[in-house]
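Each chain is listed here by its residues.
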Amino acid sequence: MIKYSALFKNNINFWGVDLQNSLRESSILIAGCGGLGSVVSQNLVRSGIGKLVLIDYDKVEVSNLNRQILFDVNDVGLSKTIVTKQKIGRINPFCEIQIIDEKISQKTDLSSFKFDGIADCLDNYESRYCLESKMQKQHFLVHGGVSRDFGQVTTIVKDQTKKLAEVFQGSNYVEDAGVSPQIVNIIGSIMSNEILNNLIGKPKLLNKILVFELEDFSIEFINLN
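Numbers given to residues run from 1 along each chain, matching the order in which its sequence is written. Local features in this predicted model are restricted to residues of pLDDT 70 or higher, and side-chain atom pairs are both shown and tallied only at a pLDDT of 80 or more, whereas totals for entire chains, interfaces and linings draw on every residue. Computation of side-chain values: all heavy atoms of the structure, hydrogens and water removed.

**So, the pattern of salt bridges**
Let me state the cut-off plainly: A side-chain nitrogen of Lys or Arg and a carboxyl oxygen of Asp or Glu constitute a salt bridge if their distance falls within 4 Å.
Per the stated rule, a full pass over the model turns up five salt bridges. Each of Asp72, Asp75 and Lys87 takes part in salt bridges that share partners, so that together they form one network.

**Considering the pairing of strand 6 (residues 150–157)**
Formally: Think of it in three bands: residues with accessible area under 20% of the maximum for their type are buried, residues over 50% are exposed, and the middle band is partly exposed, with areas taken using a 1.4 Å probe on protein chains only. A helix here means a DSSP run of H or I that spans at least four residues, while a strand means a run of E at least two residues long, and both kinds are numbered starting from the N terminus. A pair of strands is labelled paired if DSSP reports no fewer than 2 bridges between them.
Strand 6 sits mainly inside the fold: seven of its eight residues count as buried. Strand direction decides the pairing type here: strand 5 (residues 140–147) and strand 6, joined by eight bridges, are antiparallel. In the strand pairing of strand 6, Val142 is matched with Thr155. Connecting strand 5 to the next strand, strand 6, in antiparallel fashion are two residues, including Arg148 with a positive phi near 55 degrees.

**Details of the environment of Val211**
Convention followed: Only heavy atoms matter for contacts: two residues are in contact if any of them lie within 4.5 Å across the pair.
The residue Val211 is located in strand 7 (residues 208–213) in this model. Placed 11 residues apart in sequence, Val211 and Ile222 show a C-alpha to C-alpha distance of 7.8 Å. Setting aside its immediate chain neighbours within four residues, Val211 contacts Gly151, Gln152, Ser218, Ile219, Glu220 and Ile222.

**Some details on the side chain of Thr155**
The cut-off we apply is this: Distance and chemistry together define a polar contact, namely a pair of N or O atoms within 3.5 Å, with one atom able to donate a hydrogen and the other to accept it when in protein, and with adjacent residues in sequence counting only for side-chain atoms on both sides.
If you trace the backbone, Thr155 turns up in strand 6. Here Thr155 falls in the buried class, since its relative accessible area comes to 0%. At a separation of 2.7 Å, a polar atom in the side chain of Thr155 contacts the side chain of Glu194. A polar contact is formed between the side chain of Thr155 and the side chain of Asn198, at a distance of 3.1 Å. Beyond its immediate sequence surroundings of up to four residues, Thr155 is in contact with Leu141, Val142, Thr161, Glu194, Asn198, Pro203, Leu205, Leu206 and Asn207.

**A few points about the sheet that holds strand 2 (residues 51–55)**
Counted only if it meets this: To get an axis, a line is fitted to the C-alpha atoms, and for a helix only the part in contact is used. The angle between two axes follows their N-to-C directions and goes from 0 to 180 degrees.
With respect to topology, eight strands assemble into an open sheet ordered 3-2-1-4-5-6-7-8, the strand pairing being mixed. The sheet is open, and its two borders are formed by strand 3 (96–100) and strand 8 (218–223), each paired with just one other strand. Pairs of neighbouring strands in the sheet enclose a mean axial angle of 15 degrees, with direction left out of account. Of the strands in this sheet, strand 2 and strand 3 are in contact with helix 5 (residues 80–91), which crosses strand 3 at around 175 degrees. Here helix 6 (residues 125–133) sits on the sheet in contact with strand 1 (27–31), strand 4 (117–120), strand 5 and strand 6, set at roughly 175 degrees to strand 5.

**Focus: the nonpolar core**
Using the following cut-off: To qualify as a nonpolar core, a set must consist of buried Ala, Val, Leu, Ile, Met, Phe, Trp, Tyr and Cys residues joined through side-chain atoms within 4.5 Å.
Counting residues in hydrophobic clusters, the biggest one holds 37 residues, and the most contacted among them are Ile28, Ile30, Leu44, Leu52, Met191 and Ile195. Residue assignment for this core shows that the elements contributing at least two residues are strand 1, helix 4 (35–47), strand 2, helix 5, strand 5, strand 6, helix 8 (181–199) and strand 7. With residues up to four places along the chain from it excluded, the contact list for Leu44 reads Ile28, Ile30, Ile49, Leu52, Ser192, Ile195 and Leu196. Within the second largest apolar cluster, 21 residues are counted, among which are Ile104, Tyr125, Phe168 and Leu224.

Structure representation (structure tokens):
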């Protein structure tokens, strides 16, 4: 059996044992195990997060493989939550992983699951607004969204920021817009880092949204106050 300290030696060398121990005691709900969820879940277990709760109802499709980096052709037809749990569990066996194999709706009950924050890795605004309604005051939510070759990230905290419905009023998900695999990796990684920022109480995207455009590598910060 490998040792926790050996697995996360380079993390500890970079950010110290205190932060590593704090991450080991932290938990995140990841909503959506597709493109962004693949990146975020993998990054968080590699960071040493102690617990993940994964929620998704979908199965792996061939068309997912261009950007959903945890999956391969052998996973087609299988549950995304189950495959994700298996694969990230082999990266970090110290992480407790729970799964909820259902579509997020008003009927979704998260009250029996304990988590510090939420990663919004969903692909439509209706589900995002529903997810946000499940937040409690002690939670933070890191939202990420991608389309074509651009994406955005922001932190939502109850009574401290605008709601997602206010930020993205009138936005709609275009199912066949297409998406670059590179932008999914970039936005998922930014989300992962902002989740860590929130866990240590130092969010960088509170009341602002980061927009990244892959075509010209431009980054814009939009104030949401």
